[in-house]
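Summary of structural features
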Amino acid sequence: MRTYTLLVLCTLSGLYSFAQSSAATILPNTATFKTNISNGYAGYFETNHASNPSPVLGAFNKSIGPGGWFSIDNVNNFSPTIYATTVGSGTVIQGRNTGTGIGAGFSIENPSNTNTALYAITDGKGGAANFQLNNTTSTVHALNVTNMGTGFAINGVTIGTGGAGRFEISAAGNTARTIYATNKGKGRVGYFQTANTLSDSVTLAAVTNGQANAFEAYTTGGGMAGYFQINSPFSTNKALYALSNGTGPTFSSQAIGNGRAGEFFVNSAGSAAQAVFAYGSGTGSTIESRAVGSGTAINAISTGSGPAGVFVNQSANSTTSLWSSTYGFGNAGNFQTGNASNPAATIFASGFGSGNTIETVSNGTGRAAYFFVDNMNSVATAVLAKTSGSGIVFESQTTGTGKAGHFQITNTGNTNSGIYVTTNGTGKAGEFYATNNNNANAAVFAKTVGTGEAGRFEVENEFTTNPALYAVSNSSEGPALMARTTNGLGDIAIFKDQGNFNVARINYQGTGYFNGGTQIMGADLAEAFEVEGEKSEYEPGDVLVISESTDRTVEKSSQAYSSLVAGVYATKPGVLLREDNVNNDLDKQVPMGVVGVIPTKVCNEGGKIKRGDLLVTSSKTGYAMKGDPAKLGFGHILGKALQDFDGTEGKIKVLVNVR
């Protein structure tokens, strides 16, 4: 008598389990039917009726033992313990259980046996094995496989053209997973490998016709949710290739925790490849990365000689190559050079088109651009703009109500200039131009609340003949230069010599003081007088007399030896005296020369004129003549002739000195 333990394969929960039979099978020394033939069946049962639905062999057991038992007790036997064959359309072997036990159990009890406990093979078009659960209320698995060894719990191999494994859910309302793999060990949950080096198919393809993701990877531990690697150093393919035929992003990465939304790393110092290469032919984003947490949406790091990131649009694409937006409180972009010895620019933008190389736009209340050198020892400029073309190096425009430019030094101990402009060319160092004809403000306005000058112009070249300040006005009324004092006591203008001493000044009342006297172009001293009649009737050189009709008014002379003679209409007075305000125009006044050399109209009424002759008024209106010494009286003399005159009438220079 021998006692055997029946180990059966449990098909519940997708794992292997073993159950021990509660009853031992007793083998008697003498069986009911027994044979010892060398080449025949130990038992043979046959039914010849083609329509007989009954089994050929039936075993019915009401005890607690097995319904049937088949055993090979020959170690040299390589035949199956049970061999069943059918030429019909039914199953070859069917295990059925109406109780609570296992439907079928297959067991190998030899630990050194490398064969499978169940081996199913088919030469037809159906499946080699089919596991089906018909109870819709059942929560167990149709196939439960357990492996306590080091091999695979399920190993699917095909040597034909079909797939090695297929898992399908046919019910449209089923929300369960088609494949659900869990690993409580240290190995991979799933492993997909293409062993054929000539294969051009993908190792893993996930396709969905629904609304959910075609592929989703989760991790609740410290490992990666997904890892893509190419182990061949000769491969030129991508480790991950994402392609979208829809309107959404080709690749979208989100982080709702504290980690990165995406990290791409080329782990080869000699590699010239990009850590990320994204290419889009549609209208959607090639790469879209979003961070809801405090981490970086995209963090690109290069430890080799290649760039950390390259964003390129093809020539036909008119959209932005790199677009960064933030709806939070942080920067939309942050570019930082972490190497203190790096001489390269933190941001380098190069443009070959006709548009702006860098363009910043702010739709909020902040600045469109902010440049800050946060190193107290740095002597570099915060912004350096250069151009090799003929355009402007730096241009500032405002379409609002603010200033086009603002330069400010907030350090009260800083002695540098707020604006410092130099040029090594032949053009102007600075040019300010107000283009609005209705603008009444100054093109340049300088103001200081300190004790220094509001503006200073200095010529450093000692050989130049140009002035330090050159003012030009094309206005017919406005002055080219205006100086004003508002405190009522300070001088309007001061002029100093090279020793910084005052040589001339004009005080707040308009009085001029000159250390070296004055030299004025023009040969006479004139006084502004109103005239009788129209001013257009008078001309330079007319001899003028005091009007007897109107106070402080003159008119042309018309009587010989008039004692009312006052002077001559000056051609170019050196000094013009006037009683009224300097702002008043000379619309009805003429400059009457009273002292000095003045071109004067003369005639031959008194004879030929010689140099030094005394001149008096003549009867010819506005003309002077040679005076007769015998007729001269007090107040008759206009002046002395400085030129000879031998004609009827004309002009000569006269030293006017009325007496």
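Heads up: the structure comes first, above all this text.
To keep things clear, this report deals only with the structure shown in the data block. Everything numeric in this text was worked out from a predicted model, so none of it was measured.

**Quick look at the overall build of the protein**
Looking only at helices and strands, the protein has zero helices and 17 strands in total. Against the globule reference of 26 Å for 659 residues, the protein gives a C-alpha radius of gyration of 58 Å, more extended than a compact globule. In terms of overall dimensions, the protein has C-alpha extents of about 195 × 55 × 45 Å along its principal axes. Residue burial in the protein is summarised as follows: out of 659 residues, 12% are buried. Taking the contacts inside the protein whose residues are at least 6 apart along the sequence as the reference set, 48% of them involve residues at least 24 apart.

**A closer look at the pattern of salt bridges**
Using the criterion set out here, one finds 13 salt bridges in the structure. The closest approach of N and O atoms between R552 and E527, which form a salt bridge, is 2.9 Å. Here E527 lies in strand β8 (residues 524-531) and R552 lies in the loop between β9 (543-546) and β10 (553-556), a separation of 25 residues in the sequence. By relative accessible area, R552 is classed as partly exposed at 32%. The closest approach of N and O atoms between R611 and D644, which form a salt bridge, is 3.2 Å. Of the two residues, R611 sits in the loop between β13 (589-603) and β14 (614-617) while D644 sits in the loop between β16 (639-641) and β17 (649-657), which places them 33 residues apart along the sequence. With a relative accessible area of 59%, R611 lands in the exposed category. When salt bridges with common partners are traced through the structure, they connect E539, D542, K556 and K601 into a single cluster.

**Focus on the sheet that holds strand β6 (residues 502-506)**
Read from one edge to the other, the open sheet built from three strands follows the order β5-β6-β7, with strand pairing classed as antiparallel. Each of the sheet's edge strands pairs with one partner strand only, and the pair in question is β5 (493-496) and β7 (512-514). Recorded for the sheet is a direction-independent mean angle of 15° between the axes of neighbouring strands. Judged from the four bridges that link them, β5 and β6 form a sheet pairing that is antiparallel. Residue pairing across strands places K496 opposite N502, the latter belonging to β6.

**Observations regarding unusual backbone geometry**
Glycine aside, negative phi is the norm for most residues, and most peptide bonds take the trans geometry. Phi at N500 takes a positive value of approximately 70°, unusual for a residue other than glycine. The topology assignment puts N500 in the loop between β5 and β6.

**Details of the nonpolar core**
Of all hydrophobic cores here, the largest spans 15 residues; its most connected members are V602, I609, L615, A624, L638, I652 and V656. Breaking this core down by element, the ones donating at least two residues are β9, β11 (565-569), β13 and β17. In terms of residue count, β17 provides more of this core than any other element does, three residues in total. With nine residues, the next largest nonpolar core counts F529, L544, A566 and Y569 among its residues.

**Description of the environment of F192**
Residue position: F192 is located in the segment before β1 (252-255). Placed 12 residues apart in sequence, F192 and L204 show a C-alpha to C-alpha distance of 6.6 Å. Apart from the residues within four sequence positions on either side, F192 is in contact with T203 and L204.

**Some details on the environment of T387**
With respect to the helices, strands and loops of the structure, T387 is situated in the loop between β4 (299-300) and β5. In this structure T387 comes out as partly exposed when scored by relative accessible area, which is 37%. Setting aside residues up to four positions removed in sequence, T387 forms contacts with I392 and V393. Side-chain polar atoms of T387 contact the backbone nitrogen of G389, separated by 3.1 Å.

**Some words on the pairing of β14**
When β14 meets β16, the two strands line up antiparallel, connected through two bridges. Pairing of L614 across the sheet is with K640, part of β16. Two elements, β14 and strand β15 (residues 624-626), share three bridges in a ladder whose sense is antiparallel. Counted as the bridge partner of T617 is A624 from β15. The hairpin turn running from β14 into β15, its antiparallel successor, is six residues long, and G622 in that turn takes a positive phi close to 80°.

**A closer look at the packing of aromatic side chains**
With the rule as written, the count across this model stands at one aromatic pair. Seen from their ring centres, Y370 and F372 are 6.0 Å apart, and the 45° between their planes marks the pair as tilted. Classification of Y370 as exposed rests on a relative accessible area of 57%. Since its relative accessible area comes to 54%, F372 is described here as exposed. Directly above the aromatic system of F529 lies the positively charged group of R552, at a separation of 4.2 Å from the ring centroid.

Procedures and definitions
Residues numbered from 1 in each chain as written. Predicted model: local features only at pLDDT ≥ 70, side-chain atom pairs only at ≥ 80, totals over all residues. Heavy atoms only, no water. Helix = DSSP H or I, 4+ residues; strand = E, 2+ residues; numbered from the N terminus. Rg over C-alpha atoms; globule rule 2.2 N^0.38 Å. Buried < 20%, exposed > 50% of the residue type's maximum accessible area, 1.4 Å probe, protein only. Contact = heavy atoms within 4.5 Å. Salt bridge = Lys/Arg side-chain N within 4 Å of Asp/Glu carboxyl O. Pairing = 2+ DSSP bridges. Axes fitted to C-alpha atoms, helices over the stretch in contact; angles between N-to-C directions. Core = buried A, V, L, I, M, F, W, Y, C linked by side-chain atoms within 4.5 Å. Polar contact = N/O pair within 3.5 Å; in protein donor to acceptor, adjacent residues only side chain to side chain. Phe/Tyr/Trp six-rings, centres within 6.5 Å; stacked < 30°, edge-to-face > 60°. Lys NZ or Arg CZ within 6 Å of the ring centre and 35° of its normal.

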